[in-house]
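Residue strings, one per chain:
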Amino acid sequence: MSIIENHKTVGSPLSEGAKLRARDVCVFYGEKQAIYNVSLDIRQNEVIALIGPSGCGKSTFLRCLNRMNDTIDICNVTGEILLDGDNIYDPRVDVVPLRATVGMVFQKPNPFPKSIYDNIAYGPRIHGLASSRVDLDEIVEKSLQRAGLWNEVKDRLHAPGTGLSGGQQQRLCIARTIAVDPEVILMDEPCSALDPIATAKIEELIDELRENYTIAIVTHSMQQAARVSQRTAYFHLGQLIEVNATDKVFTTPEHQLTEAYITGRFG
Amino acid sequence: MSIIENHKTVGSPLSEGAKLRARDVCVFYGEKQAIYNVSLDIRQNEVIALIGPSGCGKSTFLRCLNRMNDTIDICNVTGEILLDGDNIYDPRVDVVPLRATVGMVFQKPNPFPKSIYDNIAYGPRIHGLASSRVDLDEIVEKSLQRAGLWNEVKDRLHAPGTGLSGGQQQRLCIARTIAVDPEVILMDEPCSALDPIATAKIEELIDELRENYTIAIVTHSMQQAARVSQRTAYFHLGQLIEVNATDKVFTTPEHQLTEAYITGRFG
Amino acid sequence: MNYSTLLIALLIALGAAYFLGRNRARSLAGQGESMHSLPTHYGALTALWTTLPPLLILIMWVMLEPRIVDALLTMQLPEAIRTASEAEVRLALSKVHNIASDPTMMGQSDLGSVAAHLVDLEQRAAILKGGVILSVILLGVAVTWRRIQPDLRARGEVERIVRIMLFASSAIAVLTTLGILVSVLFEAVLFFQKVSPIEFLFGTTWSPQVALRADQSGSSGSFGAVPLFAGTLLISAIAMFIAVPVGLMAAIYLSEYATSRVRQLAKPALEVLAGIPTVVYGFFAALTVAPFIRGIGESVGLDVSSESALAAGLVMGIMIIPFVSSLSDDVINAVPQSLRDGSYGLGATRSETVRQVVIPAALPGIVGAVMLAVSRAIGETMIVAMAAGLAANLTANPLDSVTTVTVQIVTLLVGDQEFDSPKTLAAFALGLVLFIVTLALNFVAIKIVQKYREQYD
Amino acid sequence: YAERDYISIVGSSTVYPFSTVVAERFGKSSSFPTPKVESTGSGGGMKLFCQGVGANTPDITNASRAIKQSEINLCAENGVKDIVEVMVGYDGIVLAGSNEAPQYELTRKDIFLALAKVVPAQDGSETLIDNPYKTWKDVNPALPAKKIEVLGPPPTSGTRDAFVELAMEGGCKKFPFIKEMKKTDKNKYKALCHGIREDGAYVEAGENDNLIVQKLVANPDALGIFGYSFLEQNADKVHGSIVEGQAPEFDAISDGSYPVSRSLYFYVKKAHVGVIPGIEEYLAEFVSDKAMGEYGYLADKGMIPMTEEEYEKVVDTVENLKTISAK
Amino acid sequence: MTDSTMTTRQKVEASMRRRRAAETRFRLYGMASVLFGLLCLVVLFGDIFSKGTSAFSQTVLTTTIEIDGDYLDITPDSSESDIMSANYDGLIKRHFKNDVQPKGRSEARSLFSLISSGAGWQIQSQVLEDPSVIGKTVTVDLLVDDDVDQWFKHEYGNDSGSVRLSEKQLEWITGWIESDALKTQFNTTFFVNGDSREPELAGIRGAITGTLLTLLVTFLLSFPIGVAAAIYLEEFAPKNRLTEIVEININNLAAVPSITFGLLGLAIFINIFGVSRSTPLVGGLVLTLMTLPTIIISGRAAIKAVPPSIREAALGLGASKMQTVFHHVLPLAMPGMLTGTIIGMAQALGETAPLLMIGMIAFVVDVPGFINDPSTVLPVQIFLWSDSPERAFTERTSGAIMVLLGFLIIMNTAAVMLRRRLERRW
Ligand SMILES: Nc1ncnc2c1ncn2[C@@H]1O[C@H](COP(=O)(O)OP(=O)(O)OP(=O)(O)O)[C@@H](O)[C@H]1O
Ligand SMILES: Nc1ncnc2c1ncn2[C@@H]1O[C@H](COP(=O)(O)OP(=O)(O)OP(=O)(O)O)[C@@H](O)[C@H]1O
Ligand SMILES: [Mg+2]
Ligand SMILES: [Mg+2]
Ligand SMILES: O=P([O-])([O-])[O-]
């Protein structure tokens, strides 16, 4: 299944007054191109789901949005990404406030080798979000609660975060991210290791967060995409094939590839 | 929701002539008990799904079955686990052939920092499964194909395995495990990072493997459990609550906790 | 004010400035301003600006004060001395200093008045110094205090300063290299004017027996450095032959097999080996190991010289075990457990896991450790001088006595020397060539590491 | 230039043990601080000494040989013009063996034949051949049939220079045709007489004399070359070989009948006298009878005192601070 | 051998014999390596201890002596300098002359040589402390000469030919032994005195102080600079040709013979910056240059070993590069950096060659008070003593080595405890 080099995204990738705008973004890992000319707007207070087959570049694209790709030596990004109108790839931009504003939950849970408490408290501490110990305790508790982890860990807050189960680690990382209260949250498969109940809890959280924040979520579960997102973007081999309202994508996809993917006829 | 200390598993955890039998297994992480008196038989040529809320002990139990828990210092296992009638916790047992016989796919993908080829070839090499280079190439190709990764990586077999996307890494780890051709395969959420197509591919693989092997799979997706498994075991807070034929569990669960979990009424 | 008082003052200023800056930021934030950075960043910034400039001034002062004082004193010296040779002036100055430090002598010398002047100068300099430093401190506090406004990017500024300090630190290491190169190069060039580089590099006879005195003589002396390099190679090879397997296996055992108790005792115990003075190793090698080897050799009918490369190499190997073992143990320990799990899960034995997964993942660190050990082996002198002799034999037989480049450098430099004799200059030429050779060695090592580097995670 | 109130001494490691005794006694019995004595080797000491004048250069340098003209020139270039040379005494160089081995009776000719790189052919002709001798008996039938193995200092050492000049050259000259050569081809003569064999019979064993002593104990067949004071201290372990019929004993070295001994010196920067406190007093202590005299404490430490006549001259030099140029 | 009809299990079982053997062998190699290292340590320690313990005792001669004010020409009211310069040696000589009655001058000399030349100073310091003893008769434990000390301590000179004492001398000594005047006591001198050329007066206090000061300077400079350089090179420096050259250079510095650092120190610190010779300051500076490569190299290896996911996690939360490094990478790399520091400092603690060039191989009697007083260090003291003719220095050399090792062990223990607290596996 080969696709044209310069595919034009179908649907409505762009929109007025968006919070985040990606324009003609290409990403290379060394020689290998992983993202081809993607343009996509993400609106304030919306949840956008990024879906697509494994290896199609969802994580890569997501990582562009807060310049986490900078940390990979061989990774090279071209194009523009504007946050509230400012190009985040401008050399004068300080990535630190950027990343504090655009938070990220990674695909593989990566707790710090510190206590659970310190894992959560780290962000608020460096950003000076808590003025006192009590404040901080509160932030930690609140974040853990919202991530649905509080009950499981409340009596071992000072045990190492690395001693948690897979799903617990994932929720810890979510809690850690929301603890710094970013404006945009990027989530790379936040529920992949979670049971339905925990998943529901996180989906609830996403719904709740949407009121004040902008969220981009990578997911493999179409049900989840359907449940939490307003718009869905479909990636294929590094290209953005289609962006549309979620119900439209799942009921009447415009592009044949999207259709093939969501109906499971593939490969 | 508190449960009685010495819960008796409902359903049919035991069965004649099983391949793997767990008897009264308790697991402790230091002081903390993670598994309480679990007894469960796993039959030859069956796929058993382990489900339950995050942190309930699924991974822990799975890791007992090939003594992967040995690698965690503070972890302590009591009870008996018999493979083909031999207690694998017998001090005289050598874990090496045991683990070659009972293979494992981990929850977090952990490719070796080697090339994709070497990741797969590692097992066959140490066990001397391939008598020639050609043999080995064949094993590698076959395993990657069965894990649905061949097409994506065939032209970069000598690129590092750590440079793959999350889902690709997960499939790499599956391929690595089946490359050594174990008799029992333990899979800890093998599809958590996979898109529906790749998931379907893996489920197909599981179905195919079942003819010759015994498989235990941890999953958070009830649909998946329903699709691939013959029996389902439900864990809750370290206890094995119910074991029954999969369709029975999902249609008429015996235990109220199971019912609460599969209907999503919980917490 | 003397220097220790000033240093204490600086320390106090450091603490005070930190709190001042932080509290100002806090109070601004308390007034509802949204500060760009955390209060601690403002504190750190204030602390840096109040202590760094005075510290730099102080260092300059330490270096310049004696020169300026002496220049001023020189003008006070009697005409006769001042116009005489520079040596006279220096002598007089030394004398003035000595008189000044002993008040009873003040009146007894014609230089008494100059000494009194010196005492006076020193007092004034001390006051001036104290004043300058204190005002710079206050200036720093004041300026930074005023600069603390909501839009001051304190964190960025602090980080820039820290980054400069980090850079300066690594620059020191590079400057050291340059310094060494310069200090060796000049004299090496002089050497090569006397002895042809061809002879030096390819000659196979090393016998620096040249005359140092007009009334004395030696044989003409030959400076073929090949035997020295061969000896260095031989001894280092023997040492590495001990240290690498033993050290690496010990590291593996400690990090992968041993209980944490054993590890915590054995690792530091092995580290003690690196700190035993080399004299001790030298005596041990010369008086215990060498006769032992000789005894064994003779019992099987081999002709073993009483000084052998083997004895020195073996003992040197023991000395550098901890370089390999401890540093490797650290990097092995840092390999994530998930990699080991992956391997065990496939049914690999511990040793297979170690050899094929852990070691490759830890390779860059291990190579670093081994290179450090090799370096130490090449640089060691005492053991070789005491146990392997000083005779430059060109041989690959470990039972023969050999010598190394470093030993020759040291003996040439501490022996009876003369600044322009090729015998002394040879030390510098050897140093230069050794420098180049090890540079090449390191280059190769880095290339190997880059080629085989396996980045985990 | 910071002030310095103590005397700074550098130089020979051979003179170091004697110089330090004086320094220590001087420090304890006077109101001056104890001088600092560095062991840098004679050449290294000279280099420092000749760097210039002033408190940051040493006042005195010890040497196990006389100062060289080139060094005097260097000193002069750097403004060190007036140097006082003080002879300290003698140092016997011994060829010692383990007490478990018999005492050798050697002549300088034996030593030369045993250790030289090239020797006259055995047939008595005037051809020179690479040293063929393996055992002492080969050299001189009167000696035991033991392998020639001599542990001695490396070519960079002053002791080696002295040994070569005194023992080897002395033996070398016994061959008339070589002695002739001195007049015709001085360089060849020296190369011949001073060249030590490098085939393993002469073992360059470093400069730690205690180590050589202990190696001799471990290896009784070998001989070692070192200073008399180590022989004296270790008389229970090693003995000195007889050279030219004379054992290395105190009196024999003192009166010159033991042929292998050299003089030790130190040099004083006259310009520093009066600038650095205590130099005169230190010199006085050094040349006092209780230190340098026949029964002085330096003799106790193994230094061989000089003759009465020489001593008089030294005392005179020191009292009048006679510089080298005025000599 | 591997038959395609065999099942995996059979193939694995078939390979197990060989692999188990390999495993056992591997494990044994590991254990043997550790044991070998420890054995070497034990042998070296045993060697040193067996030679060195006797350095901690000293023979003294108890005698009753009259502090004869007339002979000494002092009274309790004399000035301090008069008391200082009085002839105590003469007093002691007179005392023993009267006591033992030697015949003739040479016998007297051999009698006097049994008493340490420090005995006079012993009396002197006693009188200085309390001038009222002048004119009284006091009992003192006089130090004996090193020959007597050696003979007495080592079971009367068990190596039969102990010819350093004459018949007559042995006779006197035996007399003292019979009257219980000769005994050994703990050698406090060894710990409170500076260097001396008389073994019985020689101590290591100066060298210990010098070592402490020198290492303090070394540590205070090399640790922060080394860590900072490692951080800069690994985390901040752009990865290009230049940094590669820098990296190679630093690795290369580790192979530079240590004496070269002495040359450099001489050229820079002494000749250019005018630091005085033979001081802990210049010694510390030179040793800093020497230890830096070790700390930098091990520090870089430790930083490299921190998994990138940790950095990502911190960066993703909006931590700056600097914060990521100082909050996460550095703590995780600290154990490795400490190892490098331990080894580097241990090396600095045992080093002599570079100190030669900067004048620390020296005879310094007075204990240094600060980093710019002339001083020496323990390894130099050991080196100098090991090359002294006097036999009694042999045991003192070993004694000093024992002290050095004690020093090393204390230093390491502190660092090791710190390291243990910081270590974790992830
Ligand atoms: N290494 C460890 N040290 C201490 N406690 C642990 C460790 N690993 C797991 N636990 C605890 O044991 C319990 C069971 O963990 P386990 O990993 O088996 O859960 P799980 O059922 O696999 O959950 P998930 O679906 O989230 O992966 C949890 O409470 C977890 O926090
Ligand atoms: N560090 C890297 N180096 C080289 N190639 C990489 C790297 N990371 C990702 N890639 C490649 O880039 C492509 C896109 O990867 P990406 O991680 O964005 O996929 P994804 O859509 O997130 O897939 P998944 O759902 O499996 O996580 C893949 O082909 C992958 O192999
Ligand atoms: Mg991904
Ligand atoms: Mg799990
Ligand atoms: O140190 P020396 O010059 O006497 O060998």
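All of these numbers come straight from a predicted model, not from anything done at the bench. (Residues numbered from 1 in each chain as written. Chains lettered and ligands numbered in written order. Predicted model: local features only at pLDDT ≥ 70, side-chain atom pairs only at ≥ 80, totals over all residues. Heavy atoms only, no water.)

Some thoughts on the overall build of chain D
Definition in use: Numbering goes from the N terminus for both helices and strands, where a helix is a DSSP run of H or I of at least four residues and a strand is a run of E of at least two. For the radius of gyration, the atom set is restricted to C-alpha positions; the globular benchmark scales as 2.2 Å times the number of residues to the power 0.38. Think of it in three bands: with a 1.4 Å probe and only protein chains considered, a residue is buried below 20% of the maximum accessible area for its type, exposed above 50%, and partly exposed in between. Contacts are residue-level and defined by heavy atoms, with any inter-residue pair within 4.5 Å sufficient. Using a 1.4 Å probe, accessible areas were evaluated by the Shrake-Rupley method; residue-level cover was limited to the displayed protein chains. Only four residue types enter the charge count, namely Lys and Arg as positive and Asp and Glu as negative; His and the chain termini do not. Charged groups are reduced to one reference atom each: NZ for lysine, CZ for arginine, CG for aspartic acid, CD for glutamic acid.
When helices and strands are counted, chain D shows 15 helices and 13 strands. Its C-alpha radius of gyration of 21 Å places chain D within 12% of the 20 Å reference for a compact globule of 327 residues. Overall, the C-alpha framework of chain D stretches about 65 × 45 × 35 Å when taken along its three principal axes. Counting across all 327 residues of chain D, residues that qualify as buried make up 65%. A separation of at least 24 residues holds for 71% of the contacts in chain D among residues at least 6 apart in sequence. As displayed, chain D offers around 11,500 Å² of accessible surface, 49% of which is attributable to carbon and sulfur atoms. One finds the centroid of the 35 positive side-chain charges in chain D at a distance of 5 Å from the centroid of its 47 negative side-chain charges.

So, the sheet that holds strand E2 (residues 20-29) of chain A
For clarity, the cut-off: Here the rule is simple: two strands pair whenever DSSP picks up at least two bridges between them.
The strand order across the open sheet formed by 4 strands is E3-E2-E5-E6 (chain A), and the pairing between neighbours is antiparallel. Both outer strands of the open sheet, strand E3 (32-42) and strand E6 (86-87) of chain A, are each paired with one neighbouring strand and no more.

Description of unusual backbone geometry
All names here are of chain A. One non-glycine residue, Asn45, lies in the positive phi region at around 60°. Among the structural elements, Asn45 can be located in the loop between E3 and strand E4 (47-51). Its relative accessible area of 31% is what places Asn45 among the partly exposed residues. At Glu189, a position not held by glycine, the phi torsion is positive, near 50°. Along the chain, Glu189 turns up in the loop between strand E8 (184-188) and helix H7 (196-210). On the basis of relative accessibility, which here comes to 4%, the residue Glu189 falls in the buried class.

Brief notes about the pattern of salt bridges
Operational definition: The term salt bridge refers to a pairing of a side-chain nitrogen on Lys or Arg with a carboxyl oxygen on Asp or Glu at a separation within 4 Å.
Considering all chains together, one arrives at 75 salt bridges over all chains under this definition. As a salt-bridge pair, Lys19 of chain A and Glu183 of chain A come within 2.7 Å of each other at their nearest N and O atoms. Of this pair, Lys19 of chain A sits in the loop between strand E1 (10-11) and E2 while Glu183 of chain A sits in the loop between helix H6 (166-179) and E8, placing them 164 residues apart in sequence. Among the ionic contacts, a cluster of salt bridges with common partners joins Arg25 and Lys301 of chain D together with Arg197, Glu198 and Glu390 of chain E.

As for the UniProt feature "domain: ABC transporter" (unreviewed entry) in chain A
The cut-off we apply is this: UniProt positions are given in the numbering used here, feature names are shortened, and annotations may be inferred rather than shown by experiment.
Per the UniProt record, the feature "domain: ABC transporter" (unreviewed entry) sits at residues 20-262 of chain A. With 38% helix and 26% strand, the stretch residues 20-262 of chain A has end C-alpha atoms that lie 26 Å from each other.

Describing the site of ligand 2
Our working rule: In these notes, residues near a molecule or strand are those with any non-hydrogen atom within 4 Å of it. Polar contact criterion, stated in full: a pair of N or O atoms within 3.5 Å, where within protein one must be able to donate a hydrogen and the other to accept it, and residues adjacent in sequence count only if both atoms are side-chain atoms. All residues other than Ala, Val, Leu, Ile, Met, Phe, Trp, Tyr, Cys, Pro, Asp, Glu, Lys and Arg, Gly among them, are scored as polar; the first ten of these are nonpolar and the last four charged.
Not every one of the 21 residues close to ligand 2 is listed here, only the nearest: Ser54, Ser59 and Thr60 of chain A together with Ser165 and Gly167 of chain B. Each of chains A and B places residues next to ligand 2. Measuring from a nitrogen atom of ligand 2, one finds a backbone N or O atom of Gly163 of chain B at 3.1 Å. Starting from 620 Å² of accessible surface for ligand 2 in isolation, the protein chains cover 89%. For the shell around ligand 2, the elements supplying multiple residues, two or more each, are E3 and helix H1 (58-64) of chain A together with helix H6 (166-179) of chain B. For the shell around ligand 2, the class distribution of residues is 5 nonpolar, 12 polar and 4 charged.

Considering the interface of chain E and chain C
Selection criterion: Each of two parts loses accessible area, computed with a 1.4 Å probe, when they are put together; buried area is these two losses added.
Taken together, the 93 residues of chain E in the interface contact 100 residues of chain C. Summed over both partners, the interface of chain E with chain C buries about 8,200 Å², with 71% contributed by carbon and sulfur atoms. On inspection of chain E and its partner chain C, the count reaches 3 salt bridges. Two residues, Arg419 of chain E and Glu271 of chain C, come together in a salt bridge whose shortest N-O distance is 2.9 Å.

Here we look at the interface of chain D and chain C
The interface is formed by 51 residues belonging to chain D together with 47 residues belonging to chain C. A combined buried area of about 4,300 Å² lies between chain D and chain C, and 52% of that area is made up of carbon and sulfur atoms. Where chain D touches chain C, the interface holds 1 salt bridge. Between Glu149 of chain D and Arg294 of chain C there is a salt bridge whose closest N-O contact spans 3.7 Å. Joining chain D to chain C, the criterion identifies 3 residue pairs in polar contact (both at pLDDT 80 or more). Going through the elements one at a time, helix H2 (42-49), helix H3 (69-77), helix H6 (158-172), helix H8 (186-194), strand E9 (202-204) and helix H9 (209-218) of chain D are the ones with two or more residues in the side of chain D that touches chain C. For the side of chain D that touches chain C, the class distribution of residues is 17 nonpolar, 18 polar and 16 charged.

Some points on the side chain of Asp147 of chain E
Relative to the elements of secondary structure, Asp147 of chain E occurs in helix H7 (residues 146-153). Once residues within four sequence positions are removed from consideration, Asp147 of chain E is found in contact with Arg164 and Leu165 of chain E.

Quick notes on the packing of helix H13 (residues 350-379) of chain C against helix H13 (residues 280-304) of chain E
Let me state the cut-off plainly: Between N-to-C directions, angles cover 0 to 180 degrees, with each direction set by a line fitted to C-alpha atoms, over the stretch in contact for helices. In this scheme, roughly parallel covers angles under 35 degrees and roughly antiparallel covers those over 145, while 65 to 115 is roughly perpendicular and the rest are oblique.
One way to put it is that H13 of chain C packs onto H13 of chain E with a least axis distance of 9 Å and a crossing angle of 170°. As summarised for this structure, H13 of chain C and H13 of chain E are arranged roughly antiparallel, according to the angle between their axes. Each of Pro364, Gly365, Gly368 and Leu372 of chain C in H13 of chain C lies in contact with H13 of chain E, whose residues at this interface are Thr294, Ile297, Ala301 and Lys304 of chain E.

Section: the sheet that holds strand E1 (residues 57-66) of chain E
Residues and elements named next belong to chain E. Strand order in the open sheet formed by 3 strands is E2-E1-E3, and the pairing between neighbours is antiparallel. Both edges of this open sheet fall to strand E2 (137-143) and strand E3 (182-186), since each of them pairs with a single strand only. Ignoring strand direction, the axes of neighbouring strands in this sheet form an average angle of 40°. Running at roughly 140° to E2, helix H6 (residues 119-129) makes contact with E1 and E2 of the sheet.

Points about the coordination of the magnesium ion (ligand 3)
Four donors placed tetrahedrally about a metal ideally form angles of 109.5 degrees, and six donors placed octahedrally ideally form angles of 90 or 180 degrees. Residue and element names in this part refer to chain A. Operational definition: A 2.8 Å cut-off from the metal defines N, O and S donors, relaxed to 3.2 Å for Na, K and Ca; water is not in the atom list, so some sites may appear incomplete.
Within the protein, the atoms that donate to the magnesium ion (ligand 3) are Ser59 (OG) and Gln107 (OE1), at distances of 1.9 to 2.1 Å. Of this pair, Ser59 sits in helix H1 while Gln107 sits in the loop between strand E7 (102-105) and helix H3 (116-127), placing them 48 residues apart in sequence. Residue classification places Ser59 among the buried residues on the basis of a relative accessible area of 19%. Residue Gln107 is classed as buried on the basis of its relative accessible area of 17%.

A few points about the site of ligand 5
All names here are of chain D. Taken together, Ser12, Ser13, Thr14, Gly41, Ser42, Ser64 and Gly158 are the residues near ligand 5. The side chain of Ser12 places a nitrogen or oxygen atom 2.5 Å from an oxygen atom of ligand 5. A distance of 2.8 Å separates an oxygen atom of ligand 5 from a polar atom in the side chain of Ser64. When ligand 5 sits alone it has 200 Å² of accessible area, and the protein chains cover 97% of it. Taken together, the residues that form the shell around ligand 5 break down as no nonpolar, 7 polar and no charged.

Focus on a negative patch on the surface
The condition is simple: Patch building starts from residues that exceed 30% relative accessible area and form no salt bridge, then joins like charges within 9 Å and nonpolar side chains (Val, Leu, Ile, Met, Phe, Trp, Tyr) within 5 Å.
A cluster of acidic side chains, namely Glu249, Asp251, Asp255, Asp289, Glu294, Glu308 and Glu312 of chain D, defines a negative patch on the protein surface. Topologically, Asp251 of chain D is positioned in helix H11 (residues 250-254).

Some remarks on the state of the cysteines
Residues and elements named next belong to chain D. The condition is simple: By convention in this document, the label disulfide applies to cysteine sulfur atom pairs within 2.5 Å.
Tallied over the full model, the rule gives 2 disulfides over all chains. One disulfide in the model links Cys50 with Cys75; its S-S distance is 1.9 Å. Taking the torsion about the S-S bond as the criterion, the Cys50 to Cys75 disulfide, at about -70°, is left-handed. Here Cys50 is found in the loop between H2 and strand E3 (60-63), whereas its partner Cys75 is found in helix H3, with 25 residues between them in sequence. Residue classification places Cys50 among the buried residues on the basis of a relative accessible area of 0%. Given a relative accessible area of 0%, Cys75 falls into the buried group. Here Cys172 engages in a disulfide with Cys193; their sulfurs sit 1.9 Å apart.

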